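An overview of the molecular structure
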Amino acid sequence: MTQQRAKATEIVFDKLAEEFEDLLVISDNIESHSTDAVAGERSNYTEWQTMPYINKTEDGLDQTANFKGSVQRVVPTTVNTFKSVPFLFTGTEMNDPDTLARLTSSATNALASEIENNAIDLACRQGTLVVPVLNPLTGFGDVALCDSIMNEQEVPTADRKLALNSRDYNLMAGNLAARQLDSSITSEAYRKASLGDVSGFDTYKMQSSYSLAAATGTTVTMNGASQYYTPKSEDASGPVDSRYQTISITVGGGTVAVGDAFTLPLVYSLGHQSKRNSGQLKTFRIHEIVTGAGGTGTVKISPPIISAEGATAGEEQYKNVSATPADSAELTFLNTANKQVNPFWAKNAIQLLPGKLPMPTGTGAEFRSYTTKNGITIAMSNQWDNNARGTTVRFDVFYGLAMLQPEMAGILIGDQL
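Our next topic: the overall build of the protein. The helix and strand tally for the protein stands at seven helices and 25 strands. Along the first, second and third principal axes, the C-alpha set of the protein runs to 80 × 60 × 50 Å. Partitioning the intrachain contacts of the protein with sequence separation of at least 6 by distance along the chain shows that 77% fall at a separation of at least 24. Of the accessible surface of the protein, which amounts to about 19,600 Å², a share of 49% is contributed by carbon and sulfur atoms. The distance from the centre of the 32 positive side-chain charges to the centre of the 45 negative ones in the protein is 3 Å.

On to the nonpolar core. Phe 20, Phe 344, Ile 350, Phe 395, Val 397 and Leu 412 are the most contacted members of the largest nonpolar core, which has 64 residues in total. Excluding its chain neighbours within four sequence positions, the residues that come into contact with Leu 412 are Val 131, Val 133, Leu 137, Asp 142, Cys 146, Leu 164, Met 172, Val 341, Asn 342 and Phe 344. In this structure, Ile 247, Val 251, Val 256 and Val 267 belong to the second largest nonpolar core, which totals 18 residues.

Turning our eyes to something else, we now look at the pairing of strand S23 (residues 377-385). Side-chain direction in a regular strand flips from residue to residue, so the side chains alternate between the two faces of the sheet. Judged from the six bridges that link them, strand S22 (residues 366-371) and S23 form a sheet pairing that is antiparallel. Bridging from a neighbouring strand, Arg 368 pairs with Met 380 of S23. Joining the antiparallel neighbours S22 and S23 is a turn of five residues, in which Gly 375 adopts a positive phi near 100°.

A few words now on a negative patch on the surface. There is a patch of like negative charges on the surface, built from Asp 14, Glu 18, Glu 19 and Asp 22. With respect to the helices, strands and loops of the structure, Asp 14 is situated in helix H1 (residues 2-23).

Across all of its chains, the model carries five aromatic pairs by this definition. Seen in terms of ring centroids, Phe 82 and Phe 398 are 4.1 Å apart; in terms of plane orientation they differ by 5°. Their pairing is stacked. In this pair, Phe 82 is assigned in strand S4 (residues 81-90) and Phe 398 in strand S24 (residues 390-403), connecting sequence segments 316 residues apart. Exposure remark for Phe 398: the relative accessible area of 3% places this residue in the buried category. Taken together, a centroid distance of 6.3 Å and an interplanar angle of 20° make the contact between Phe 87 and Phe 395 stacked. Of this pair, Phe 87 sits in strand S4 while Phe 395 sits in strand S24, and the two are 308 residues apart along the sequence. In terms of burial, Phe 87 and Phe 395 fall into one category: buried. In this structure an aromatic cluster arises from ring pairing among Phe 262, Phe 284 and Phe 333.

Calculation notes
- Residues numbered from 1 in each chain as written.
- Predicted model: local features only at pLDDT ≥ 70, side-chain atom pairs only at ≥ 80, totals over all residues.
- Heavy atoms only, no water.
- Helix = DSSP H or I, 4+ residues; strand = E, 2+ residues; numbered from the N terminus.
- Contact = heavy atoms within 4.5 Å.
- Areas by Shrake-Rupley, 256 points an atom, 1.4 Å probe, with all protein chains shown as cover.
- Lys, Arg positive; Asp, Glu negative; His and termini not counted.
- Charge placed at Lys NZ, Arg CZ, Asp CG, Glu CD.
- Core = buried A, V, L, I, M, F, W, Y, C linked by side-chain atoms within 4.5 Å.
- Buried < 20%, exposed > 50% of the residue type's maximum accessible area, 1.4 Å probe, protein only.
- Pairing = 2+ DSSP bridges.
- Patch = residues over 30% accessible without salt bridge, like charges linked within 9 Å, V, L, I, M, F, W, Y side chains within 5 Å.
- Salt bridge = Lys/Arg side-chain N within 4 Å of Asp/Glu carboxyl O.
- Phe/Tyr/Trp six-rings, centres within 6.5 Å; stacked < 30°, edge-to-face > 60°.

Structure below.
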């Protein structure tokens, strides 16, 4: 009986494991980083990863005064997500050989959906390049705005991705189908609602999407001058996560919330490398409420305001804005209506961290696993339960996700009043 059950589960698992990989669309378009299982277990699966340097050019032949140490930015990444689908395959269900296949298919679909939704949510919550559009999204012009904000801040042009919720995607496909373009393009847009490559982005349709609520804070101002950030690799407590800055604000009415997007007057974005002023206001997101969402409080924002006001080497290297906001400068919120948002990103801005699940022997349970090309392992284990007169089956995945570079990812959102 054991051999019969093992053979049946092996056949079903091998068939559906490849289908599981096919369902991983969004998570297959972010960078994958392998973590050593032994080192991960000993470090609570947390690793501080180094980010690319940005060096500053200087003019002139004599560089005597310009030899300064480079600041290495670091970001913590953690493999911390367990997802499992357990079920009991009863003795009577074994009379129908298709039952196990259907249950297994449901399990793999559920796990793939979790991974995809986690990746989408991370991109939508932590991407800081915000593109609000007044009207419903219609096509190339909207995507071109995402291309523009990335170009202005000198995000690399390779491997740019854009995921759209179904309604926005289909609206754009309808707009494309109506245009007098190459017949193969418009035909594909009409028959399959397919956008393909648009303005330098590989585009994908999301089955589920992330909704961003309208900001409710009114007359929200900076509480204090010289609120700028000085990048550093570490302090007395250890490594420093350079993606965030805590600022003090005053909320005149309503409350601010995590996810709110805003600009500040006269604080323009710069190219990461050239430091040239884009002429466009820098966009920021509230990442965490630290001491209060209303009245006077502190919030953690991303990216930090690096204006080089302090003239340190780290500020000059990673300067990202034209000026420090003035005391009492008012925040202008960009998320003005409750809408689904569409994330876009450079592939190496977001990272998938596959974890390893051990497959013990001699326990009486049977184990099988399949590793996708991006490193995610789906593990299946089953064991006969004489008390329930059936087989307990579980599917497991173990992974982490990290937004490494928030200034290389963002959101496109339509219908903002």
